[in-house]
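# Topology and contacts: notes
Residues per chain are reported as follows:
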Amino acid sequence: MKILTSAQIRSLDQFTIQNEPISSLDLMERASNAFVGWFCNQFVNTRPVCVFCGKGNNGGDGLAIARLLSQLSYDVQVVVADYTPNASDDFTQNLDRLKTHLNLAFISSADQFPTLSSQVVCIDTLLGSGLSRPAEGLLAGIIHKINALPNKVVSVDIASGLYMDKANGENDPIIEPDHTVTFQLPKLAFLLPQNVRFTGEWHVVDIGLSGKYIQELPTPYWFTDKKAAEKLIQPRGKFSHKGTFGHALLLAGSFGKMGAAVLSGRACLRSGVGLLTMHAPVCGYDIIQISSPEAMVSIDKNDRHISQFPDLEPYSAVGIGPGVGQEPVTIALLEELLDQVKVPLIIDADALNILSSNRSLLDKLPPNTILTPHPKEFQRLAGESGDEYERLELARDFAGKYQVIICLKGANTAVILPNGEVHFNSTGNPGMATGGTGDVLTGIITSLLAQKYKPAEAAILGVYQHGLAGDRAAEQKGQIALIASDVVENLGW
Ligand SMILES: NC(=O)C1=CN([C@@H]2O[C@H](COP(=O)(O)OP(=O)(O)OC[C@H]3O[C@@H](n4cnc5c(N)ncnc54)[C@H](OP(=O)(O)O)[C@@H]3O)[C@@H](O)[C@H]2O)[C@@H](O)CC1
Ligand SMILES: [K+]
C-alpha cells in the first residue's frame, strides 16, 4: 500500500470528486459510513457516544457520524468547538442535516466542556488532515480535557493536532486516542514510534478514493501489508531439488555468544534454503552440530572468535554478524570478506558495529548489501538525528550514498532502498523486543538471498515473515513470555 502526504491526499480527494464523479458531501457521507461500520463492530449501541467536532471537514465527518450513529440507536451527544466563525461548506450542510438532533452544544470556552460518564466513547473530529499549525486556545483546551478523561477515545482520520507527515513540536496539544480510524491509506505519522501515543491502534477503512489516481501518485513511502508480502513469495516448482534453493554461508558466533549463531542458523533453515554452512570458532563446533543437525559446520582456526572464512565459491549468499564480537581478527576478516565477496551479503549486529568504528570499510560495501541495524546501531553508523522523521531522511541519504539496503529495526521496521524508497512493515509486536530476535531476522534474510530473491525483496519479505512469526508466537505464549526461539519455531511459509 502507498503512503501519501496530506497534500497528495487532498488532490486524491479532489480527483475522486471530479472523476468518479461524486459530490464532496456524498464522499463525506461515504467516509462517515465507513467509520460507522468500524465503530459498530467495536462498540455496541448501549455505549453512549460524545462526538467532538471542529468546523472543517473533519468536524463535518463528526456531524455525519453523529447522525448515522443516532439512527442506529446510539445515545449521541455532539460538542462543536466554536473556535472560528468560518465553517467548511460540508460542515454547514451536515449541521443542517443534524438540526433535529437535540443534544448538540457549541462551546466557546473549555470551561463549558461537558461532564461525561466513563462509559461514554469520545469520537475526536476536531482537526483532521487540514491541520496547518499547532492547536491552541479553545482547541488546545478541549484536547487537554479529552486526554485527561479515562474514557475510550477514537480519532477520525488522524488524532486532532497530529501532523500526517512531519514532526510536531514537543509540547503541541494532540489527542491521545485508543484507536485511530483512518480513511483509505495509512499515514506516515502512524508508522513512527515517536507518535505511538497519538495513534493508538490504527485501522484503515476503504472510502473508495480513485485507485487509478493512487497508482499514479509518486511516493517513496510504502506499507507492506499481507497482500504486498505474499506477492513476493516464490512458489516451489515440482522438479526442484536442494540445489535449486541455494547454499547459504553464515559467519556467526563467538565464545559466550554461540546462541546468536544457532538462532540465526535455525531461522535460515526454516526459511527454505537448500543448504546451510555455518562458520564458527572452535568453541562452537559441538554446539552447532548438536543444536542444528541440518547445518554443515566450517570451523575457524581461532578458538573463540571467527578470524577467517571458507572459500566462497560454493555459496549463493553470505550473512555475517550475529554474536561475532569485535576482536581485531574479526575486523580483519570483515575487511577481507568485503574485498572478496561476489554474492549477496547481509551484515548485522557486531559486524555493523565494526563498520561504525572502521569507517573506511563503508566504501567497500558491495551495492545492495543489506544492513539490519536497530536504532542504536544505526546511530553509530550514520550519526544522531533530532527525531524519527530526521532519522528516516538520514537513512535514505545513507542508503543512497553507499547504495545499500537498510532494515531499520523497531515497531514497523523500515526497509530503506538505495533509490530512497521506504517500505514499512505491518507485522511484529513488542514481545519481539528481546535478545536474539535480530539474529533470527538475519538468518531469514540470508536464506532468501541464497534462494536468489532480489536483495530488496529478500529484505522486505524477510522482515514481514519475521514479524508474522513473532505475531504467531505471541498468540501462543503471550508477548511477555515470547523468546527468539519461539519466533524461529513459528516461521511458516
Ligand atoms: N481527504 C479525503 O479523502 C476525505 C477527507 N474527509 C475529511 O476531511 C478532513 C480534512 O478536512 P479539512 O481539509 O477541512 O481539514 P480539517 O482538519 O478538518 O480542518 C481544517 C480547517 O481548520 C483550520 N485549521 C488548521 N489547523 C488549525 C489549528 N491548529 N487551529 C485552528 N484551525 C486550524 C484550517 O484553516 P487554515 O489552515 O486555512 O487556517 C481549515 O479551515 C479529513 O481529515 C477527513 O476527516 C472526508 O470527509 C472525505 C474524504
Ligand atoms: K481527528
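Residues numbered from 1 in each chain as written. Chains lettered and ligands numbered in written order. Predicted model: local features only at pLDDT ≥ 70, side-chain atom pairs only at ≥ 80, totals over all residues. Heavy atoms only, no water.

Looking up the protein chain in an unreviewed UniProt entry gives the name Bifunctional NAD(P)H-hydrate repair enzyme, with the organism given as Dyadobacter linearis. The record held by UniProt for the protein chain lists under Subunit (unreviewed entry) the comment "Homotetramer." (UniProt positions renumbered as here; feature names shortened; annotations may be inferred.)

## Let's talk about the domain arrangement of the protein chain
Looking at the protein chain, the domain boundaries give domain 1 (6-218) and domain 2 (229-489). With centres defined by C-alpha atoms, the gap from domain 1 to domain 2 works out at 42 Å. On the domain 2 side, the residues contacting the 12 residues of domain 1 number seven residues. Carbon and sulfur atoms supply 62% of the area that domain 1 and domain 2 bury against each other, a total of about 840 Å² over both sides. (Domains from an automatic or database assignment. Contact = heavy atoms within 4.5 Å. Buried area = accessible area lost by both parts, 1.4 Å probe.)

## Let's talk about the coordination of the potassium ion (ligand 2)
Surrounding the potassium ion (ligand 2) are the protein donor atoms N58 (OD1), D124 (O), L127 (O), V156 (O), I158 (O) and S160 (OG), which sit 2.6 to 3.1 Å from the metal. The coordination sphere of the potassium ion (ligand 2) comprises six donor atoms, whose angles at the metal cover 63 to 178 degrees; the geometry is irregular. In primary-sequence terms, the residues that donate to the potassium ion (ligand 2) follow N-x65-D-x2-L-x28-V-x1-I-x1-S. Here V156 lies in strand β5 (residues 153-156) and D124 lies in strand β4 (residues 121-125), a separation of 32 residues in the sequence. Look at D124 and you get buried, because its relative accessible area is 1%. (Donors = N, O, S within 2.8 Å, 3.2 Å for Na, K, Ca; no water. Tetrahedral: all angles 85-135°; square planar, octahedral: opposite > 155°, others 65-115°. Helix = DSSP H or I, 4+ residues; strand = E, 2+ residues; numbered from the N terminus. Buried < 20%, exposed > 50% of the residue type's maximum accessible area, 1.4 Å probe, protein only.)

## Here we look at the site of ligand 1
Around ligand 1, 23 residues are found, and the nearest of them are D61, G128, S132, R133 and D157. In this structure, N58 approaches ligand 1 through a side-chain N or O atom, which is 2.7 Å from an oxygen atom. At 2.6 Å, a backbone N or O of R133 approaches a nitrogen atom of ligand 1. It is helix α3 (residues 57-71) that contributes the most residues to the shell around ligand 1, three residues altogether. Along the lines of polarity and charge, the residues of the shell around ligand 1 split into 12 nonpolar, seven polar and four charged. (Near = heavy atom within 4 Å. Polar contact = N/O pair within 3.5 Å; in protein donor to acceptor, adjacent residues only side chain to side chain. Nonpolar A, V, L, I, M, F, W, Y, C, P; charged D, E, K, R; others polar.)

## Let's talk about the packing of helix α2 (residues 24-42) against α3
At their nearest, the axes of α2 and α3 sit 9 Å apart, and the two run at 55 degrees to each other. One finds that α2 runs oblique with respect to α3. Considering only the axes of α2 and α3, their crossing is right-handed. Where α2 approaches α3, its residues M28, E29, S32, N33, F35, V36, F39 and C40 are matched on the opposing element by N57, G60, D61, A64, I65, R67, L68 and L69. (Axes fitted to C-alpha atoms, helices over the stretch in contact; angles between N-to-C directions. Parallel < 35°, antiparallel > 145°, perpendicular 65-115°, else oblique. Left-handed = near helix turned anticlockwise from the far one by under 90°.)

## What to know about the packing of aromatic side chains
Evaluated as defined, the whole model comprises 12 aromatic pairs. With centroids separated by 4.3 Å and ring planes inclined at 5 degrees, the aromatic side chains of F15 and Y213 adopt a geometry described as stacked. Of this pair, F15 sits in helix α1 (residues 6-19) while Y213 sits in helix α6 (residues 211-216), and the two are 198 residues apart along the sequence. Each ring, one from W38 and one from F43, has its centre 6.5 Å from the other, and the planes form 70 degrees; the classification is edge-to-face. The class of W38 is buried, set by a relative accessible area of 13%. For F43, a relative accessible area of 6% puts it in the buried group. What links up through ring pairs into an aromatic cluster is the set F35, W38, F39, F43 and Y74. Directly above the ring of Y163 sits K166, whose terminal nitrogen or CZ lies 4.4 Å from the centroid. (Phe/Tyr/Trp six-rings, centres within 6.5 Å; stacked < 30°, edge-to-face > 60°. Lys NZ or Arg CZ within 6 Å of the ring centre and 35° of its normal.)

## Comments concerning the sheet that holds strand β11 (residues 296-299)
If you trace the 10 strands from one edge of the open sheet to the other, you get β8-β17-β16-β15-β14-β13-β12-β9-β10-β11, paired in mixed fashion. Looking along the sheet, the strands with just one partner apiece sit at the ends: β8 (221-224) and β11. In the sheet, β8 pairs with strand β17 (residues 422-425) via four bridges, with the strands oriented parallel. Paired with F223 across the strands is F424, a residue of β17. On the sheet, helix α10 (residues 328-340) packs against β9 (247-251), β12 (317-320) and β13 (345-347) and is oriented at approximately 160 degrees with respect to β12. (Pairing = 2+ DSSP bridges.)

## Focus: the environment of R97
Mapped onto the elements, R97 comes out in helix α4 (residues 89-97). Separated by 365 residues in sequence, R97 and G462 have C-alpha atoms that sit 50 Å apart. The contact partners of R97, leaving out residues within four places of it in the chain, are L25, E29 and R67.

## Concerning unusual backbone geometry
Across the chain, the bulk of peptide bonds are trans and the bulk of non-glycine residues have phi less than zero. At the junction of E20 and P21, the peptide bond is cis and its omega measures out at -15 degrees in the coordinates. Within the element layout of this structure, P21 appears in the loop between α1 and α2. Positive phi, normally seen in glycine, also occurs at N368, with a value near 70 degrees. Within the secondary structure, N368 is located in the loop between α11 (349-357) and β14 (370-371). Residue classification places N368 among the partly exposed residues on the basis of a relative accessible area of 35%.

## Let's talk about the UniProt feature "domain: YjeF C-terminal" (unreviewed entry) in the protein chain
Following the UniProt record, the feature "domain: YjeF C-terminal" (unreviewed entry) maps to residues 225-493 here. For residues 225-493, the end-to-end C-alpha separation is 15 Å, with 42% helix and 13% strand making up the annotated structure.

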